[in-house]
Amino acid sequence: VQLVESGGGLVQPGGSLRLSCAASGFTFSSYHMTWYRQAPGKERELVATITRALGSTNYADSVKGRFTISRDNAKNTVYLQMNSLQPEDTAVYYCNAHLGRFDYWGQGTQVTVSS
């Protein structure tokens, strides 16, 4: 099982980034997918989730209207489009796949928002 995040980097406030998470080793379409983030000195927090079947989405209040989660089951990939980024969005972003007792994590990708 492998989840590989990419797309992080340094961006100025107000800018955009698109994170990707490529999955392998399990049936991607059967899993709910979630993006989490962890800022220095803070606990890991849920950013956005997308369900396996209907593709229903849910967002943290802090990112609603700015971030969009999506998935491409044909490519075994989940995305996080991040717009209007702010310094408080700076964190390591992690991809998570979960279904029942099965729970998989990526290694994370750093997003830094700074002028």
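Residues numbered from 1 in each chain as written. Predicted model: local features only at pLDDT ≥ 70, side-chain atom pairs only at ≥ 80, totals over all residues. Heavy atoms only, no water.

(A) Spotlight on the side chain of threonine 34. Here threonine 34 is to be found in strand 4 (residues 32–38). Of the residues examined, threonine 34 reaches a relative accessible area of 2% and is grouped as buried. Side chain to side chain, threonine 34 and threonine 49 meet in a polar contact 2.6 Å long. The contact partners of threonine 34, leaving out residues within four places of it in the chain, are Leu46, Ala48, Thr49, Tyr94, Cys95, Asn96 and His98. (Helix = DSSP H or I, 4+ residues; strand = E, 2+ residues; numbered from the N terminus. Buried < 20%, exposed > 50% of the residue type's maximum accessible area, 1.4 Å probe, protein only. Polar contact = N/O pair within 3.5 Å; in protein donor to acceptor, adjacent residues only side chain to side chain. Contact = heavy atoms within 4.5 Å.)

(B) Looking closely at the nonpolar core. Within the largest apolar cluster, 31 residues are counted, with the highest numbers of intra-cluster contacts made by Leu3, Met33, Trp35, Val78, Leu80, Met82 and Tyr93. When neighbours within four sequence positions are excluded, leucine 3 is seen to be in contact with Cys21, Ala22, Ala23, Phe26, Met33, Cys95, Asn96, Ala97, Tyr104, Trp105, Gly106 and Gln107. (Core = buried A, V, L, I, M, F, W, Y, C linked by side-chain atoms within 4.5 Å.)

(C) A look at unusual backbone geometry. Located in the positive-phi region is asparagine 76, a residue other than glycine, with phi close to 55°. Position of asparagine 76 among the secondary structure elements: in the loop between strand 7 (67–72) and strand 8 (77–82). In this model, serine 84 sits at a positive phi of 50°, which is unusual for a non-glycine residue. Residue position: serine 84 is located in the loop between strand 8 and strand 9 (91–99).

(D) Main features of the state of the cysteines. Applying the stated criterion across every chain, the model contains one disulfide. Here cysteine 21 pairs with cysteine 95 through a disulfide, and the sulfurs are 2.1 Å apart. Where cysteine 21 bonds to cysteine 95 through sulfur, the torsion about that S-S bond is close to -80°, and the disulfide is left-handed. Separated by 74 residues along the polypeptide, cysteine 21 in strand 3 (residues 17–24) and cysteine 95 in strand 9 bring together distant segments of the chain. (Disulfide = S-S within 2.5 Å.)

(E) Quick peek at the packing of aromatic side chains. Under the defined criterion, the tally for this structure stands at four aromatic pairs. Considering the side-chain rings of phenylalanine 26 and tyrosine 104, the 5.3 Å spacing of their centres and the 50° angle between planes classify their relative orientation as tilted. In this pair, phenylalanine 26 sits in the loop between strand 3 and strand 4 while tyrosine 104 sits in strand 10 (residues 102–105), placing the two residues 78 residues apart along the sequence. Accessibility expressed as a relative area gives 13% for phenylalanine 26, which makes it buried. Members of the aromatic cluster, each reached through a chain of ring pairs, are Phe26, Tyr31 and Tyr104. (Phe/Tyr/Trp six-rings, centres within 6.5 Å; stacked < 30°, edge-to-face > 60°.)

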